[in-house]
Amino acid sequence: MTSLPQPLPGAKKLGLVIDLDTCVGCHACAVNCKEWNTGGHYAPLYDRAPYGAEPDGIWFNRIHSYETDGGGCGGHTVNFPRSCLHCEEPQCVTVCPTGASYKRAEDGIVLVNTDICIGCKLCSWACPYGAREFDDDVGVMKKCTLCIDRIYNTELPEAEREPACVATCPSRARHFGDLGDPESAVSKLVAERGGVDLMPELGYRPTNKYLPPRRAQIPTKPVEAPRATGNGLGSALLTLVDKVLSR
Amino acid sequence: MTPASSVLLLTTLTGFGYGLLAWLGIFAAAEALPDSPWFAPVGVAIALVVASAGLIASTLHLGRPERAWRAFSQWRSSWLSREGVVSVLTYPPAIAFALLWWFLGPDAAATRAIGLLAAVMGLATVFCTAMIYASLKPIRQWHNPHTAPDYLIFALFSGAVLLAAVLGASSGPAWAVSAIAVAAGFVAGGAKLAYWHHIDAQTPLATLASATGLAAFGKVTPLDQPHFTENYILREMGYQIARKHAGKLRRIVLAVAFAIPIILSLLAGFRIAPEILAPLAVIVTGIGLFVERWLFFAEATHVSALYYGRAA
């Protein structure tokens, strides 16, 4: 059923909170995502010519990097992981003609039933975030599952029941939790750090939030002005002595 | 958006087929068609064969064409599903119209009523097709008030050109149909110019700053790409057409899809070699509208391309 589910009272809204301040752009989340998911729910995620000149494959996580000019107060280099945001108004679901694309009422995860997907690709056209990737080996659409086969997997120790990208992040820039519960750790983090939606103007109401880079907290020392010195040999000597002693 | 030839064929051919069906129904209701018992059945057969060819072509771009039947299920939310349902529901009234024409005659009230119903259903299918594009929020060149009326106008224009050729081949050219084809050509050309004017004046739906949530940090520019080769997203949605090529193609569309067919229809209407010029007008219109549809895709930009520093 591709009509959106009625929100259940107290239902979870599982999602990710990504900290653009601490992301170091190492691509570990993308690699571990690929590693888990190529053997997971939508296995396999194809790879073509992985060591060739034109490698091609399905990745549910793509790590961009951007520069900001800071609006006149110092720029930032921002590493930016991009994946499915498990939107509350996902047009990728409502455009699906077969019911293959669906949003779960109980936790808000957006999934594809690859057994009934006809591979029309319309869902990927409807997603403003470029989150869906098509598998032309088997002719169906695939996407981030929020590691549904990890987070509910009772075979795994409880501490490991989180998405692969979150589990592997070496700088703890990725957080997983219930964004529908204002008391959850992720919701508090979003409130505290002023987490934002991507492209809110399109009205998809993404569940995942991004924490903007922190403004510099430590004031940098102003550059020392060169001391006024006289002219002539004496002052040149003094400058030299000053340089040597300053080392 | 990367133009997919199967989808271009779908929309161009269904435009001709359902446009012809619409005019057959409308002219039958007005008792303005030749009353040969063959006329409506042959006309409906041509309309359905052309439209069906388009519908079959559309399944070629599916990853799993053998599952296409599943697309009839989600008509409550999906315009693609509605297109499938309405296209199938168009066959019964269209076939009934042809049968009633043959058995009850062109003047029977039932024939005229069912003909009109077939016309409405055909145009409803075209409307559903248009809404697939018009409903996609990430693509500003499609998600606007021009898309749906334009598809209907182009279907009626190409249908009129086709009807003029069918009439020319059977009972001789009809001045009224050629006049409608000419008028529809002017309306369609004007609609296309208005559409181009509209998309050229649009502001982008989003910026890289809003797409990354970094609007408070000043101007955002891409530094490193996530990958060095094209992926699915870029192949499908990162298509970029050079402005000078688009300008040239727009002039080609105006000439081939609208201006030349208008001139050919006008000459055919004045009975200047109608048996050659009317079918020629169909072929020229078909080529022109195929290019028009190609450009409709090629000029469309998708906001997801912003992440890669491309225009949207």
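Because the structure is predicted, anything quoted here is derived from the model rather than measured.

1. Section: the overall build of chain B
Item 1. Across its full length, chain B holds 10 helices and 1 strand.
Item 2. Element order for chain B, N to C, with α for helix and β for strand: α-α-α-α-α-α-α-β-α-α-α.
Item 3. The C-alpha radius of gyration computed for chain B amounts to 21 Å, which stays within 12% of the reference 20 Å derived for 312 residues, consistent with globular compactness.
Item 4. Dimensions of chain B, computed from C-alpha atoms along their principal axes, come out at roughly 75 × 45 × 30 Å.
Item 5. Relative to its full complement of 312 residues, chain B shows a buried share of 53%.
Item 6. At a minimum sequence separation of 6, the contacts of chain B that also span at least 24 residues come to 76%.

2. As for the interface of chain A and chain B
Item 1. Facing the 53 residues of chain A at the interface are 44 residues of chain B.
Item 2. Secondary-structure elements contributing two or more residues to the side of chain A that touches chain B are strand 4 (62-68), strand 5 (76-82), helix 2 (91-94), helix 3 (122-126) and strand 8 (133-135) of chain A.
Item 3. The class makeup of the residues in the side of chain A that touches chain B is 26 nonpolar, 17 polar and 10 charged.
Item 4. When strand 4 of chain A meets strand 1 (residues 220-224) of chain B, the two strands line up antiparallel, connected through 4 bridges.

3. Considering the confidence of the model for chain B
Item 1. Averaged over every residue, the pLDDT of chain B is 94; residues scoring 70 or more account for 99%.
Item 2. As scored by the predictor, the complex reaches a pTM of 0.92 and an ipTM of 0.94.

4. Focus on the sheet that holds strand 1 (residues 14-19) of chain A
All names here are of chain A.
Item 1. With mixed pairing, the 3 strands of this open sheet are ordered in space as 10-1-11. Edge positions in the sheet fall to strand 10 (174-178) and strand 11 (209-211), since each has one partner strand and no second. Averaged over all adjacent pairs, the angle separating strand axes in this sheet is 25 degrees, with direction ignored.
Item 2. Where strand 1 meets strand 10, 5 bridges bridge the pair, whose relative direction is antiparallel. Bridge pairing links Gly-15 to Gly-177 in strand 10.
Item 3. Helix 6 (residues 185-193) contacts strand 1, strand 10 and strand 11 of the sheet and is inclined by roughly 120 degrees relative to strand 10.

5. As for the nonpolar core
All names here are of chain B.
Item 1. Counting residues in hydrophobic clusters, the biggest one holds 166 residues, and the most contacted among them are Leu-21, Leu-24, Ala-160, Leu-163, Ala-164 and Ala-281.
Item 2. When residues in this core are grouped by element, the largest group, 15 residues, is from helix 5 (residues 147-170).
Item 3. Those residues in contact with Leu-21, other than ones at most four positions away along the chain, are Val-44, Ala-47, Ala-94, Ala-118, Ala-119 and Gly-122.

6. As for unusual backbone geometry
Residue and element names in this part refer to chain A.
Item 1. Cis peptide bonds are those with omega within 30 degrees of zero, and the linkage from Ala-43 to Pro-44 qualifies with -10 degrees.
Item 2. By the secondary structure assignment, Pro-44 is in the loop between helix 1 (28-37) and strand 2 (47-48).
Item 3. The residue Lys-121 is not glycine, and still its phi comes out positive at about 70 degrees.
Item 4. As for its placement among the helices and strands, Lys-121 is situated in the loop between strand 7 (110-112) and helix 3.

7. Focus on the sheet that holds strand 5 of chain A
Item 1. Sheet architecture is open: 3 strands sit in the order 5(A)-4(A)-1(B), paired in antiparallel fashion. The sheet terminates laterally at strand 5 of chain A together with strand 1 of chain B, the two strands that pair on one side only. Shown here is a sheet whose adjacent strand axes are inclined to one another by a mean of 40 degrees, direction ignored.

8. Regarding the packing of helix 3 (residues 79-103) of chain B against helix 4 (residues 109-134) of chain B
Helix-helix packing is described using two parameters, namely the angle between the two axes and the distance between the axes.
All names here are of chain B.
Item 1. In contact at an axis separation of 8 Å, helix 3 and helix 4 are set at 160 degrees when each is read in the N-to-C sense. Taken as axis vectors, helix 3 and helix 4 run roughly antiparallel relative to one another. Helix 4 is crossed by helix 3, and the crossing has left-handed handedness.
Item 2. Residue composition of the contact of helix 3 with helix 4, grouped by class: 19 nonpolar, 7 polar and 2 charged.

9. Re the pairing of strand 5 of chain A
Residues and elements named next belong to chain A.
Item 1. By the criterion of burial, strand 5 is predominantly enclosed, with 6 of the 7 residues buried.
Item 2. In the sheet, strand 4 pairs with strand 5 via 7 bridges, with the strands oriented antiparallel. In the sheet register, Tyr-66 faces strand 5, and the bridge partner there is Val-78.

10. Focus: the packing of helix 1 (residues 5-29) of chain B against helix 4 of chain B
Residues and elements named next belong to chain B.
Item 1. Interhelical geometry of helix 1 versus helix 4 gives an angle of 155 degrees and a closest axis separation of 7 Å. In terms of orientation, helix 1 lies roughly antiparallel with respect to helix 4. Here helix 1 runs over helix 4; the crossing is left-handed. Across from Thr-11, Thr-14, Gly-15, Tyr-18, Leu-21, Ala-22, Leu-24, Gly-25, Ile-26, Ala-28 and Ala-29 in helix 1, the residues of helix 4 making contact are Thr-111, Arg-112, Gly-115, Leu-116, Ala-118, Ala-119, Gly-122, Leu-123, Thr-125, Val-126 and Thr-129.
Item 2. Residue composition of the contact of helix 1 with helix 4, grouped by class: 12 nonpolar, 9 polar and 1 charged.

Conventions adopted
All chains use their own residue numbering, which begins from 1 and follows the written sequence. Each chain gets a letter, beginning with A, and each ligand a number, beginning with 1, in the order they are written. For a predicted model such as this one, the threshold for reporting local features is a pLDDT of at least 70, and the threshold for listing and counting side-chain atom pairs is 80 or more; totals across whole chains, interfaces and linings nevertheless cover every residue. Put simply, DSSP marks the helices as runs of H or I at least four residues long and the strands as runs of E at least two long, and each gets a number from the N terminus on. For the radius of gyration, the atoms used are the C-alpha atoms, and the globule rule reads 2.2 Å times the number of residues raised to 0.38. Three classes are used. A residue is buried when 20 or more other C-beta atoms lie within 10 Å of its own, exposed when 12 or fewer do, and partly exposed in between, with C-beta atoms placed from the backbone. Contact between two residues is assigned when their C-beta atoms, built from the backbone, lie within 7 Å. Charged means Asp, Glu, Lys or Arg here, nonpolar means Ala, Val, Leu, Ile, Met, Phe, Trp, Tyr, Cys or Pro, and polar covers whatever is left, Gly included. Here, any two strands with at least 2 DSSP bridges between them count as paired. A score between 0 and 100, pLDDT records how confident the predictor is in each residue. What counts as an axis is a line fitted to C-alpha atoms, over the stretch in contact for a helix, and the angles between N-to-C directions run from 0 to 180 degrees. Each nonpolar core consists of buried Ala, Val, Leu, Ile, Met, Phe, Trp, Tyr and Cys residues. Their C-beta atoms, within 7 Å, join them into a set. Working definition: roughly parallel below 35 degrees, roughly antiparallel above 145 degrees, roughly perpendicular at 65 to 115 degrees, and oblique for all remaining angles. What makes a crossing left-handed is the near helix being turned counterclockwise from the far one by less than a right angle; a clockwise turn instead makes it right-handed.

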